[in-house]
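Remarks on the overall topology
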Amino acid sequence: MADRIAVNDLRRHAISTETAVRTSVERVLSSGWYVLGQEVEAFEREFADYCGVGHCVGVANGTDAIELGLRALGVGRGSRVATVANAGFYTTTALAALGAEPVFVDVDRDTKLMDLAHLKQVVEQAAPDAVVVTHLFGLLHDMDAVLAIADQAGVPVFEDCAQAHGARRGGRAAGSFGAAASFSFYPTKNLGALGDGGAVVTGSADVALRVRRLRQYGWESRYRTGEGGGRNSRLDEMQAAVLRAKLPFLDGWNRRRRDIATRYTREIRHPRVDRPAVHGEEYVAHLYVVTCDGREALRARLAEAGITTDVHYPVPDHRQPVLTGAGGPVAALPVTDELAASITTLPCYPELSDEEVTRVISHVNAW
Ligand SMILES: *Cc1c(COP(=O)(O)O)cnc(C)c1O
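Residues numbered from 1 in each chain as written. Predicted model: local features only at pLDDT ≥ 70, side-chain atom pairs only at ≥ 80, totals over all residues. Heavy atoms only, no water.

1. Structural notes on the side chain of Thr-265
- Tracing the backbone through its elements, the reader meets Thr-265 in helix H10 (residues 250–267).
- A relative accessible area of 8% places Thr-265 in the buried class.
- Ignoring sequence-local partners within four residues, the contact set of Thr-265 consists of Arg-275, Pro-276, Ala-277, Val-278 and Tyr-288. (Helix = DSSP H or I, 4+ residues; strand = E, 2+ residues; numbered from the N terminus. Buried < 20%, exposed > 50% of the residue type's maximum accessible area, 1.4 Å probe, protein only. Contact = heavy atoms within 4.5 Å.)

2. Here we look at the pairing of strand E4 (residues 130–134)
- Counted residue by residue, E4 has 5 buried out of 5 residues, so it is predominantly covered.
- The side-chain alternation of E4 yields two buried faces, one formed by Ala-130, Val-132 and Thr-134 and the other by Val-131 and Val-133.
- Two strands pair when backbone bridges link them, and strand E2 (residues 80–84) and E4 are joined in this way by 2 bridges, in the parallel orientation. Looking across to E4, one finds that Val-81 is bridged to Ala-130.
- Judged from the 4 bridges that link them, E4 and strand E5 (residues 157–160) form a sheet pairing that is parallel. What sits directly across from Val-132, in E5, is Phe-158.
- A crossover links E4 with its parallel partner E5, the connecting element being helix H7 (residues 143–152), and its sense is right-handed. (Pairing = 2+ DSSP bridges. Right-handed = clockwise from strand over helix to strand, strands pointing away.)

3. Quick word on the nonpolar core
- Counting 82 residues, the largest nonpolar core has Phe-47, Leu-119, Val-131, Phe-185, Tyr-264 and Leu-346 as the members making the most contacts within it.
- Considering each element in turn, this core owes the most residues, 6 residues, to helix H3 (residues 38–51).
- Lining this core are residues from two domains, each supplying at least three of them: domain 1 (10–248) and domain 2 (250–366).
- Leaving out residues up to four positions away in the same chain, Leu-346 has contacts with Val-7, Tyr-264, Ile-268, Tyr-288, Val-290, Leu-302, Thr-309, Val-360 and Val-364. (Core = buried A, V, L, I, M, F, W, Y, C linked by side-chain atoms within 4.5 Å. Domains from an automatic or database assignment.)

As structure tokens, then:
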């Protein structure tokens, strides 16, 4: 049998970046300074420039970035936040930590992103304190349309860009549209560290300052706590140095991901498999997700051929036991439910060879 094709393979990624990463790690090792130093400061500048925003604040992970970013926007105990239920429970986790409540918005069947008509309805009827838009699978939402709805009601929009580093619309990058935005640098993300990492980006000096305080106990200066709700959520020097080494490669990796996704969409032809549309720069193909009538049968067939697949995500937020256990009403999100039962993720990462992509396509088509 031919070699296996994993749904992701970080060993290949490690080999492709080894020299640059090794140099960075050795620089930090010999510096004698390991948390919040020159590397973090330099990465924050470089990543803010990359996103085209004024400010970037490194934090410990992407979920903290959502939590601290929202807190800096004024979200807290009793706040209500409109968000989707198909994005892996990360935002909902952050809201629980804030004591805030999710108001779930259904998603669009084709883009799998927040449904604009339902958002409009939720904004008008539930009067949320903020909206979190997740650029799921690497597809930057139509932010002009989202902002038109939210701005009219005076509701701030927060972007979860954990899957969308470098996605662009009209020359503007993910993270530069909302009042603030979060990134994760978990190793599998389009820009990944060698462990956990995250960041909040924003155009507002005031929001950036608040996140800077919140990530370090709420300190406004050393040992003087001025900001409530702070804790320890720092990005360390090693991760920042690794991210600096990888950032120059990000656009190239994103192009390769998009090329693979484009081939899948053009060349997969199966009456029971629906592919996403072919996209331009607004899609950085973090995950390539098809919908399939008979998902488990397709997955089993691909597994027999040595091709692993995954499901992102099988349990939508509104059906997570930790929420339903409270016994409240379960939100009606028909498209979210339908997608959770039919989506599957095919291998899509920069180090995949053309030949491997061809093999995935022919095995799907032969199902
Ligand atoms: C990975 C991810 C997060 C959380 O990032 P962590 O660094 O793992 O905390 C948040 N939102 C989305 C959409 C993600 O994919």
